[in-house]
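# Descriptive structure summary
The primary structure of each chain is shown beneath.
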Amino acid sequence: MSERKHIFIYSKHDEASLANKKTLSDTIHKFGFSVVEDENDANIIVSLGGDGAFLQAVRKTGFRQDCLYAGISTTGTLGMYCDFHFNDLENMIRDVQNAEIEVRRYPILQVFVDENPAFYCLNEFSIRSNITKTFVLDVHIDDLHFETFRGDGMIIATPTGSTAYNKSVNGAVVDPLLPCIQVSELASVNSNKFRTLGSSFILSGQRSLTLKLQQNGNVFPTMGMDNESLSIQHVDAVKIQLSDLVVKTVKLKNNSFWEKVKRTYL
C-alpha cells in the first residue's frame, strides 16, 4: 500500500455528499496521500455512500485492474462492500498505513449480448420479460441444452452478489473464495406440461451459460447489470461466464465475508 498514494473519490453530487468528499480529501492530505480529479491518475479508488455507490464506482471507472477499490459507508452501517465507517476516517487511514488490511479479489461476470462487446457485473446480471407474457429461454450449459425456462426471468450472480438480488429469491449464499456463478429462477412455470429445475444451481467458473430467447415477441427484455439497466432491442442470445478480470478490494483483516453476512442478516 505504501506505493499507492493517489486516490480518486467517487461520490454523488448532492450537497451532503460533496461535503463528505471534502472532509475525506482533507483527512487524506493530512496523512500524505493525494486526491486526484481524474480517475485515470488514481491507483486507489474510494466510494462514498453504501454498497450501491461502490458498485457504481467500480462500473464508472471501468473495472480497473491496476487499482484497489475501497468502500466507505456514510449510512451509519457497514455493507458487504463497505469495510470502513465515514466517522472513523483517521483510524481507517492508520489501518492502511499499518498494514491492518487485506486485498480481496472478487470474481466478476462477463456478459455477451448477441454480437455486442462484453459487459461486466460485480453482483449479478438479470434478464426479465418486459411485457405481461411468459418469458421463454432455452438454457444451455456449455454445449448442453439443459432446460427450457418459462417464467418471469433469471438472475445470474457472482459469489459476492449471492447476498443481493439472488438471496431475495431464495438463492444460496456463496463464499467468494469459490470462483463460480449461480443461476436463480424468477417465478418459473412448473406443471405437467412445462418443467424446469425449480431451484438455484451453481456452475464452476470454467463453464459458460447461454440463454437463447425464443422469438415469440419477447425479444426486448429488461436486462440489469448490478444496479444499472441495459437497453438492447431484438436480443437473440446472452452468454454469461466468469471473467478473467477481478475487482481488487481493500478489507479489514477482522472483517471477513462471513462476518459481514452475520452482521447483515443474523
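Everything in this summary refers to the structure shown in the same document. Not measured: the values here are computed from a predicted model.

Parameters at a glance
Residues numbered from 1 in each chain as written. Predicted model: local features only at pLDDT ≥ 70, side-chain atom pairs only at ≥ 80, totals over all residues. Heavy atoms only, no water. Patch = residues over 30% accessible without salt bridge, like charges linked within 9 Å, V, L, I, M, F, W, Y side chains within 5 Å. Areas by Shrake-Rupley, 256 points an atom, 1.4 Å probe, with all protein chains shown as cover. Salt bridge = Lys/Arg side-chain N within 4 Å of Asp/Glu carboxyl O. Helix = DSSP H or I, 4+ residues; strand = E, 2+ residues; numbered from the N terminus. Pairing = 2+ DSSP bridges. Core = buried A, V, L, I, M, F, W, Y, C linked by side-chain atoms within 4.5 Å. Buried < 20%, exposed > 50% of the residue type's maximum accessible area, 1.4 Å probe, protein only. Contact = heavy atoms within 4.5 Å. Phe/Tyr/Trp six-rings, centres within 6.5 Å; stacked < 30°, edge-to-face > 60°. Polar contact = N/O pair within 3.5 Å; in protein donor to acceptor, adjacent residues only side chain to side chain.

### So, a nonpolar patch on the surface
Where nonpolar side chains cluster on the molecular surface, the patch consists of L144, F146 and L197 and spans about 270 Å² of accessible area. One can find F146 in strand β10 (residues 144-151).

### Some details on the pairing of strand β17 (residues 237-252)
Residues in a regular strand point their side chains to alternate faces of the sheet. The sheet contact formed by strand β6 (residues 101-113) and β17 spans 12 bridges and is antiparallel. Residue pairing across strands places F112 opposite K239, the latter belonging to β17. Examined bridge by bridge, strand β14 (residues 208-213) and β17 share five bridges and lie antiparallel to one another. Across the sheet, residue T210 finds its bridge partner in β17, namely K239.

### Quick look at the nonpolar core
Core analysis: the biggest nonpolar cluster contains 28 residues, and F125, I127, I156 and L209 have the highest contact counts within it. Leaving out residues up to four positions away in the same chain, I156 has contacts with L109, N123, E124, F125, I181, Q182, V183, L209, L211 and I240. By size, the runner-up hydrophobic cluster in this structure holds 22 residues, among which are I9, F31, L48 and V96.

### Quick word on the side chain of S17
Assignment of secondary structure puts S17 in helix α1 (residues 15-30). In this structure, S17 is in contact with S11 and K12, ignoring residues within four places of it in sequence.

### Describing the packing of aromatic side chains
Applying the stated criterion across every chain, the model contains six aromatic pairs. Between the aromatic rings of Y81 and Y106, the centroid separation amounts to 6.0 Å while the plane-to-plane angle is 70 degrees, which identifies the pairing as edge-to-face. Of this pair, Y81 sits in the loop between β4 (68-73) and β5 (82-85) while Y106 sits in strand β6, and the two are 25 residues apart along the sequence. Comparing Y81 with Y106 shows no difference in burial state: the two are buried. Centroid distance F257 to W258: 5.1 Å. Interplanar angle 80 degrees. Geometry classified as edge-to-face.

### So, unusual backbone geometry
Not every positive phi belongs to a glycine, and F63 is a case in point at roughly 50 degrees. Look at D142: it is not a glycine, yet its phi comes out positive at around 55 degrees. Mapped onto the fold, D142 is located in the loop between β9 (135-141) and β10.

### Examining the side chain of N166
As for its position among the elements, N166 is in helix α4 (residues 165-168). Here the side chain of N166 touches S162 through a polar contact of 3.0 Å, landing on its backbone oxygen. If we ignore the near neighbours within four places in the chain, the residues touching N166 are I155, A157, G161, G171, A172, Q182 and S184.

Interpretation in functional terms is not warranted from these geometric data alone.
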